[in-house]
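# A structural walkthrough
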Amino acid sequence: MTLGFPDGFRWGTATAAYQIEGSTTADGRGPSIWDTFTARSGLATGDPACDHYRRYREDIGLLSELGIPYYRFSVAWSRIMPDGRTVEPRGLAFYDRLVDALLENGVTPMVTLYHWDLPEALQAEGGWPNRELADLFADYALTVHKVLSDRVQQWTTINEPFCAAFIGYGNGDHAPGIQDEGAALVAGHNLLLAHGKAAQALRSDGGEQEVSIVLNFAPVLTDVDDAAHREAARKFDFLHNRFFLDPLLGRGYPPELLADLAHLGTLEPAIADGDLEIIAQPLDVLGVNYYAPARAMPLEDPEADSNCPLPGLRGMDVQPPRGELTSLGWEQRPECFTELLLWLQEHCDGLPLVIAENGAAFEDEVVEGRVHDEKRVRYFADHLAAVHAAIERGADVRGYMAWSLLDNFEWAMGYTQRFGLVHVDFETQERVLKDSALFYADVVARNGL
Ligand code: GCO
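Here's a quick rundown of the structure. (Residues numbered from 1 in each chain as written. Predicted model: local features only at pLDDT ≥ 70, side-chain atom pairs only at ≥ 80, totals over all residues. Heavy atoms only, no water.)

### A short note on the layout of surface pockets
By volume, the largest pocket is sized at about 1,100 Å³. Of all elements in the fold, only helix H8 (161-169), strand E5 (210-217), helix H10 (227-242), strand E7 (286-290) and strand E8 (294-298) reach the threshold of two or more residues within the lining of the largest pocket. The element best represented in the lining of the largest pocket is H8, accounting for three residues. Considering only residue class, the lining of the largest pocket consists of 23 nonpolar, eleven polar and six charged. Quantified by volume, the second largest pocket comes out at close to 220 Å³. (1 Å grid on protein atoms, 1.4 Å probe; cavity = no way out; pocket = protein on both sides within 12 Å on 5 of 7 lines; lining within 4 Å. Points joined across faces, edges and corners; volume = space filled by probe spheres on them. Helix = DSSP H or I, 4+ residues; strand = E, 2+ residues; numbered from the N terminus. Nonpolar A, V, L, I, M, F, W, Y, C, P; charged D, E, K, R; others polar.)

Dropping the structure here:
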């Protein structure tokens, strides 16, 4: 039986600048926080990644060979404004060429303006806890819009502010590697403010466009269904799934969440008059990233810190995943994806949804020129069926972007985790289509599973 998707469903793949481009000093690019963080921590860096800055035509050729009509990529702020402020025309010219090449190959570009690679010069001014970055981000957004908006209609401001704020400034596992949860909360607020100001700037520049933000969601599971477990799940759910969503929807931060975080003392003072109105710019679509659920349990001591990215979310702990895991140790639960989409449909009052990322890392090997990645094929089949089920039950899902086109630089995990539909040999830069690429191309061609 075929599971058919709605007519006009947008099928695509997604990537992010720092994860694929390499050439981190080419054409005047300035350092980003990921260059400095990886160098300082002795981690693998984004050079050469997939050398996409030089091989983008070959990569776009793969999209056209596979017949995948949409491509979500991000623009590196540090190429456009190496110091966060001054425009570098050679950086803009790269994305100009990229967009032309996509269109020449029949691929529709979808631009994400921020996928975590803040210019280091702005981190030197305090990074996201510095509210001034919201205005600087809007200037940057407008600069890119002026060059690309004659050819690009789909604009995402920020990708996963949860990670940028809480993993970057909370537990410090990501760049800029700061452990200051009070500052992390302010960073989260300022990222929302930056989104709102950028959305205003994009719309002020005119043209037909869809403006979105991309959030990562994790449905929260518990082992036991009692009041204490429900409260632990509620805490994590509100931090992970509603800190960013509710203000975007014009509802402000949930009061329970403000109470959970009150002892940190920084969030409410950071909310200036008028901020919540700026943040609540109308969204044309919401970008949804889903990989895995989370598991929560209560801690006996209600004053005890948690092991979540923001330890000050007290009295709860995130539990290890279980069941079938990906190589990153993430739990595979397609049924949670269906429930998430149905919940979003209701919670967001029918706002159209686009899956901006979904995918899985496994240990892939090239054997005689082929990559038989059955586990990834199954992951995609199961998760696409889950999206289909949500659509059948009324969710207005307009598209699906597989993460990722290419094996790439997986942040703090370096090159150890392969998420691509296309295998990349990071020594030779050779690309090999995996079985999952062929599977996905077939789904796209049939608009069904
Ligand atoms: C994201 C991340 C991606 C990751 C992917 C797998 O947007 O979630 O930004 O860049 O590579 O999520 O961890």
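### Notes on the packing of aromatic side chains
Given two aromatic rings, one states the distance between the centres and the angle between the planes to describe the pair. Considering all chains together, one arrives at 39 aromatic pairs under this definition. Note on Trp34 and Trp411: the rings are 4.8 Å apart at their centroids and 55 degrees apart in plane angle, and the pair reads as tilted. Of this pair, Trp34 sits in helix H2 (residues 33-41) while Trp411 sits in the loop between strand E11 (397-403) and strand E12 (422-424), and the two are 377 residues apart along the sequence. Trp411 matches Trp34 in its accessibility class, with the two residues each being buried. Considering the side-chain rings of Phe243 and Phe244, the 4.7 Å spacing of their centres and the 55 degrees angle between planes classify their relative orientation as tilted. Each of the two residues, Phe243 as well as Phe244, counts as buried. Taken together, the ring pairs in this structure connect Tyr18, Trp34, Phe37, Trp116, Phe409, Trp411, Tyr415 and Phe426 into an aromatic cluster. In this structure, Arg79 is placed above the aromatic ring of Tyr53, and the distance from its NZ or CZ to the ring centre is 4.0 Å. The ring centre of Phe238 lies 4.2 Å from the NZ or CZ of Arg242, which sits over that ring. (Phe/Tyr/Trp six-rings, centres within 6.5 Å; stacked < 30°, edge-to-face > 60°. Buried < 20%, exposed > 50% of the residue type's maximum accessible area, 1.4 Å probe, protein only. Lys NZ or Arg CZ within 6 Å of the ring centre and 35° of its normal.)

### Some thoughts on the pattern of salt bridges
Applying the stated criterion to the full structure yields 38 salt bridges. Here Glu357 ties to Arg72 by a salt bridge, and the two come within 3.0 Å at their closest N and O atoms. With Glu357 in strand E10 (residues 353-357) and Arg72 in strand E2 (residues 70-74), this residue pair connects regions lying 285 residues apart in the sequence. Judged by relative accessible area, Glu357 falls into the buried class, the value being 4%. Residue Arg90 is joined to Glu88 by a salt bridge in which the shortest nitrogen-to-oxygen separation is 3.1 Å. Residue Arg90 is classed as partly exposed on the basis of its relative accessible area, which comes to 44%. One network of salt bridges, with partners in common, ties together Asp223, Arg295, Arg322, Glu331, Arg333 and Glu335. (Salt bridge = Lys/Arg side-chain N within 4 Å of Asp/Glu carboxyl O.)

### A look at the pairing of E7
For a regular strand, side-chain orientation follows a simple rule: the groups alternate between the two sheet faces. Most of E7 is tucked away: five of the five residues are buried. Of the two faces of E7, the one lined by Leu286, Val288 and Tyr290 and the one lined by Gly287 and Asn289 are each fully buried. Of the strand pairs in this sheet, E5 and E7 are connected by four bridges, and their pairing is parallel. From the neighbouring strand, Leu215 faces E7, where its bridge partner is Val288. Pairing of E7 with E10 involves four bridges; the strand directions are parallel. Note that in E10 the partner of Val288 across the bridge is Ile355. (Pairing = 2+ DSSP bridges.)

### A few points about empty space enclosed by the protein
Space left empty within the atom packing is revealed by a probe, the size of a water molecule, rolled over the atoms. Per the stated rule, a full pass over the model turns up four cavities of 30 Å³ or more. Around the largest cavity, the lining is made up of 15 residues, and of these Met110, Thr156, Ser212, Val285 and Val354 lie nearest the centre. Secondary structure elements with two or more residues in the lining of the largest cavity: strand E3 (108-114), strand E4 (154-159), E5 and E10. Residue classes in the lining of the largest cavity are distributed as seven nonpolar, five polar and three charged. As for the second largest cavity, its lining consists of Ile33, Trp34, Tyr114, Trp116, Trp128, Cys163, Ala164, Tyr169, His174, Ala175 and Pro176. Contributions of two or more residues to the lining of the second largest cavity are made by H2 and H8. No other element matches H8, which puts three residues into the lining of the second largest cavity. Each residue belonging to the lining of the second largest cavity can be placed in one class, and the counts come to ten nonpolar, one polar and no charged.

### So, the sheet that holds E7
The parallel closed barrel is built from eight strands, whose spatial order is E1-E2-E3-E4-E5-E7-E10-E11. Between one strand and the next, the sheet's axes are offset by a mean angle of 30 degrees, whatever the strand orientation. Sheet contacts for helix H17 (residues 435-446): strand E1 (10-14) and E11; angle to E1, the most-contacted strand, approximately 155 degrees. (Axes fitted to C-alpha atoms, helices over the stretch in contact; angles between N-to-C directions. Contact = heavy atoms within 4.5 Å.)

### Focus on the site of the ligand
Close contacts around the ligand come from 13 residues, with Gln19, His115, Glu160, Glu357 and Glu410 the closest. Gln19 is positioned with one of its side-chain polar atoms (N or O) 2.5 Å from an oxygen atom of the ligand. Within the side chain of His115, one N or O atom sits 2.5 Å away from an oxygen atom of the ligand. Compared with its free state, where it exposes 310 Å², the ligand has 96% of that area covered by protein. Given that more than half its atoms are within 2 Å of the pocket grid, the ligand belongs to the largest pocket. For the shell around the ligand, the residue count by class is six nonpolar, four polar and three charged. (Near = heavy atom within 4 Å. Polar contact = N/O pair within 3.5 Å; in protein donor to acceptor, adjacent residues only side chain to side chain. Areas by Shrake-Rupley, 256 points an atom, 1.4 Å probe, with all protein chains shown as cover. Sits in = over half its atoms within 2 Å of the grid points.)

### Quick look at helix H16 (residues 374-392)
Taking 1.5 Å as the rise per residue, H16 with 19 residues should run 27 Å; its terminal C-alpha atoms sit 27 Å apart, in good agreement. All buried positions along H16 are accounted for by Arg376, Val377, Tyr379, Phe380, His383, Leu384, Ala386, Val387, His388, Ala390 and Ile391. Contacts from the buried residues of H16 go to E1, E7, helix H15 (334-347), E10, E11 and H17. (Expected span 1.5 Å × (residues − 1).)

### Remarks on the packing of H16 against H17
Two packed helices can be described by the angle between their axes and the distance between those axes. Where H16 contacts H17, the axes come no closer than 8 Å and their chain directions differ by 30 degrees. As the angle between them shows, H16 and H17 are arranged roughly parallel. Between H16 and H17, the contacting residues are Arg376, Val377, Phe380, Ala381 and Leu384 on the first element and Asp435, Ser436, Phe439, Tyr440 and Val443 on the second. Looking at the contact of H16 with H17, its residues break down into seven nonpolar, one polar and two charged. (Parallel < 35°, antiparallel > 145°, perpendicular 65-115°, else oblique.)

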